[in-house]
Amino acid sequence: MAPVNVMNLQQKRLTREDILFLLNLTGKKELEDLYEAAYAVKTRYVGKKVYFRGIIEFSNVCRKNCFYCGIRKDNQNLVRYSMGLDEIVESARWAWEAGYGSVVLQSGERKNRTFTAFIEKVVKRIKQVSSGELGITLSVGEQDEDTYRRWFDAGAHRYLIRIETSNEALYRRLHPADHSFSERLKSLEALKAVGYQTGTGVMIGLPGQTMEDLADDILFFEKMDVAMIGMGPYLPHGDTPLYGEGSSLAITTEDLLDLSLKMIATTRIYLKDVNIASTTALQALVPTGREMGLLAGANIIMPNITDVQYRSLYQLYDNKPCINENSETCVSCLGTRINSIGETIGYREWGDSPHFKNKQSATGSIRIL
Ligand code: SAH
Ligand code: SF4
């Protein structure tokens, strides 16, 4: 394979081999070049504005048992909570008043009529109190198409559901037998059919994951034609079955950080106009992890706006950052950090992905926002 000139990547259509080559880069100078190239693609296709999605982790009740996750059903070592309607709506109102364009409502997975009706009500109320201004993203797992449609009709317009890994065999090793890769895929398809801006993503550095898997994950994002990508490092949680199994791709924290940034940068260069989140899990690796993500090509940050009393109970992984800081503290320190890297914050804007907008114009079906 001819070596890729990192600085000429913007002009080139990357092959799977090129993607692998980029993911395998190691030297300091090479990595800097890669991030710089990704940043140039980002500036050109999505700009230098960061959009905030305030995340409300409204419940840690979950019917599933993913082997890696700290709030899995069988973990008895935590108190379960579910925020009430008014509490969730008040958190959303806070975000709206603070100038956030959108909120993300995230929780463990529940699948029943009461839950469906509750989410529908929450979405409608948030729309009401924010005069229709606040964008609403949902991240509450696998549901059937009718449920997704009800929530969409209520006013939610984005949905996040990670595939976790696009390698089905690896997916099976990370989940109990009754969790299904094809159901996860079906959910992604259903969300797109309903009309959501759909986001997916993977964990990076999973036990058993190879560099080829990660390259295929990027190709999977393209094949699924999603509008948003949210990826982050896999971080162990002491009360999970996967604890103690290490990654062969990243031994040290620094390796894992580099690998995560390489995934962001390569995805940006390859997909160009999608929204890419710089996730909290990056910040768990190093305090400035999210800013590093922005500089490697991400353009979305999801500040945690969950009431502090619940934060320590929503630990998907150990050492989650900011569990004792209130939302105001988080946002002011974040604003300063973002300005310090020369970017601005898109206050009061939804910041929809140009990829989604371009696609809609192409099919002539632009939704009135
Ligand atoms: N229950 C929903 C949403 C909450 S979990 C769902 O599963 O879709 C949100 C994401 O947290 C998951 O998709 C997974 O990628 C991530 N996550 C869970 N455990 C993690 C861990 N130990 N390290 C890093 N990310 C984790
Ligand atoms: Fe539940 Fe989501 Fe955690 Fe799986 S990843 S156990 S579905 S909260």
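Thresholds applied
- Residues numbered from 1 in each chain as written.
- Chains lettered and ligands numbered in written order.
- Predicted model: local features only at pLDDT ≥ 70, side-chain atom pairs only at ≥ 80, totals over all residues.
- Heavy atoms only, no water.
- Helix = DSSP H or I, 4+ residues; strand = E, 2+ residues; numbered from the N terminus.
- Buried < 20%, exposed > 50% of the residue type's maximum accessible area, 1.4 Å probe, protein only.
- Contact = heavy atoms within 4.5 Å.
- Areas by Shrake-Rupley, 256 points an atom, 1.4 Å probe, with all protein chains shown as cover.
- Lys, Arg positive; Asp, Glu negative; His and termini not counted.
- Charge placed at Lys NZ, Arg CZ, Asp CG, Glu CD.
- Phe/Tyr/Trp six-rings, centres within 6.5 Å; stacked < 30°, edge-to-face > 60°.
- pLDDT = per-residue confidence, 0-100.
- Salt bridge = Lys/Arg side-chain N within 4 Å of Asp/Glu carboxyl O.
- Near = heavy atom within 4 Å.
- Polar contact = N/O pair within 3.5 Å; in protein donor to acceptor, adjacent residues only side chain to side chain.
- Nonpolar A, V, L, I, M, F, W, Y, C, P; charged D, E, K, R; others polar.
- Pairing = 2+ DSSP bridges.
- Right-handed = clockwise from strand over helix to strand, strands pointing away.

Trainee: What is the right way to read the overall build of the protein from this model?
Mentor: When its secondary structure is counted, the protein shows 14 helices and ten strands. For the protein, the C-alpha atoms occupy an extent of roughly 55 × 45 × 40 Å along the three principal directions. Per-residue burial over the protein gives 59% buried out of 369 residues. For the protein, restricting intrachain contacts to residue pairs at least 6 apart in sequence, the fraction spanning at least 24 positions comes to 75%. As displayed, the protein offers around 15,100 Å² of accessible surface, 51% of which is attributable to carbon and sulfur atoms. Each charge sign in the protein was given a centre, from 44 positive and 45 negative side chains, and these centres are 4 Å apart.

Trainee: Can you help me understand the packing of aromatic side chains in this one?
Mentor: For any pair of aromatic rings, geometry is given as the distance between the ring centres together with the angle between the planes. Applying the stated criterion across every chain yields a total of eleven aromatic pairs. For the ring pair phenylalanine 52 and tyrosine 347, a centre distance of 6.3 Å and an interplane angle of 85 degrees mean the geometry is edge-to-face. Of this pair, phenylalanine 52 sits in strand β1 (residues 49–59) while tyrosine 347 sits in the loop between β10 (344–345) and α14 (354–363), and the two are 295 residues apart along the sequence. Look at phenylalanine 52 and you get buried, because its relative accessible area is 2%. Since its relative accessible area comes to 40%, tyrosine 347 is described here as partly exposed. Their ring planes at 80 degrees and their centres at 6.2 Å tell us that phenylalanine 115 and tryptophan 151 sit as a pair that is edge-to-face. Here phenylalanine 115 is found in helix α4 (residues 113–129), whereas its partner tryptophan 151 is found in helix α5 (residues 145–154), with 36 residues between them in sequence. Comparing phenylalanine 115 with tryptophan 151 shows no difference in burial state: the two are buried. What links up through ring pairs into an aromatic cluster is the set Phe52, Trp94, Tyr100 and Tyr347.

Trainee: Quick question: what am I supposed to make of the confidence of the model for the protein here?
Mentor: Parts of the model with low pLDDT should not have their predicted coordinates read in detail. The share of residues in the protein with pLDDT of 70 or more is 92%, and the mean pLDDT across the chain is 92. Overall, residues 364–369 carries pLDDT values under 50, and its contacts beyond four positions in sequence, including any with other chains, amount to eight contacts.

Trainee: Help me out: how do you make sense of the pattern of salt bridges in this one?
Mentor: If you walk through the whole model with that rule in mind, you get 22 salt bridges. The salt bridge involving glutamate 109 is made with arginine 63; its shortest N-O contact spans 3.0 Å. Residue glutamate 109 is found in the loop between β2 (102–107) and α4, and its partner arginine 63 is found in the loop between β1 and α3 (85–97); the two are separated by 46 residues along the sequence. Of the charged contacts in the structure, one is a salt bridge between glutamate 142 and arginine 184, with a shortest N-O distance of 3.0 Å. Linking glutamate 142 in the loop between β3 (135–139) and α5 with arginine 184 in helix α7 (residues 181–194), this pair joins segments that are 42 residues apart in sequence. Connected through salt bridges with shared partners, the residues Arg63, Lys64, Glu109, Glu142, Glu164 and Arg184 form a single ionic network.

Trainee: I tried to follow the site of ligand 1 on my own but got confused; where do I start?
Mentor: In the region of ligand 1, 17 residues are neighbours, and Tyr68, Arg162, Glu164, Arg184 and Leu235 sit closest. Side-chain polar atom of glutamate 164 to an oxygen atom of ligand 1: 2.6 Å apart, as the coordinates give it. In the environment of ligand 1, a nitrogen atom lies 3.4 Å from a nitrogen or oxygen atom belonging to the backbone of leucine 316. Coverage of ligand 1 by the protein chains reaches 92% of its 540 Å² of free accessible surface. A class-by-class count of the residues in the shell around ligand 1 yields nine nonpolar, four polar and four charged.

Trainee: Is there a simple way to think about the environment of alanine 154 in this case?
Mentor: The residue alanine 154 is located in helix α5 in this model. By relative accessible area, alanine 154 is classed as buried at 11%. As a C-alpha pair, alanine 154 and isoleucine 119 span 35 residues in sequence and 9.1 Å in three-dimensional space. Look past the residues within four positions of alanine 154 in its chain and what remains in contact with it is Glu120, Val123, Lys124 and Lys127.

Trainee: Teacher, can you tell me more about the pairing of β3 here?
Mentor: In the case of a regular strand, side chains alternate between the two sheet surfaces. The buried count for β3 comes to five of five residues, which makes it a mostly enclosed element. Taking every second residue as pointing to the same face, both faces of β3 are buried, with Gly135, Thr137 and Ser139 on one and Ile136 and Leu138 on the other. Of the strand pairs in this sheet, β2 and β3 are connected by five bridges, and their pairing is parallel. Within β3, the residue paired with serine 102 across the bridge is glycine 135. In this view, the connection linking β2 to its parallel neighbour β3 by way of α4 has right-handed handedness. As paired strands, β3 and strand β4 (residues 158–160) are joined by two bridges and run parallel to one another. Residue leucine 138 lies in a different strand from β4, and its bridge partner there is tyrosine 159.

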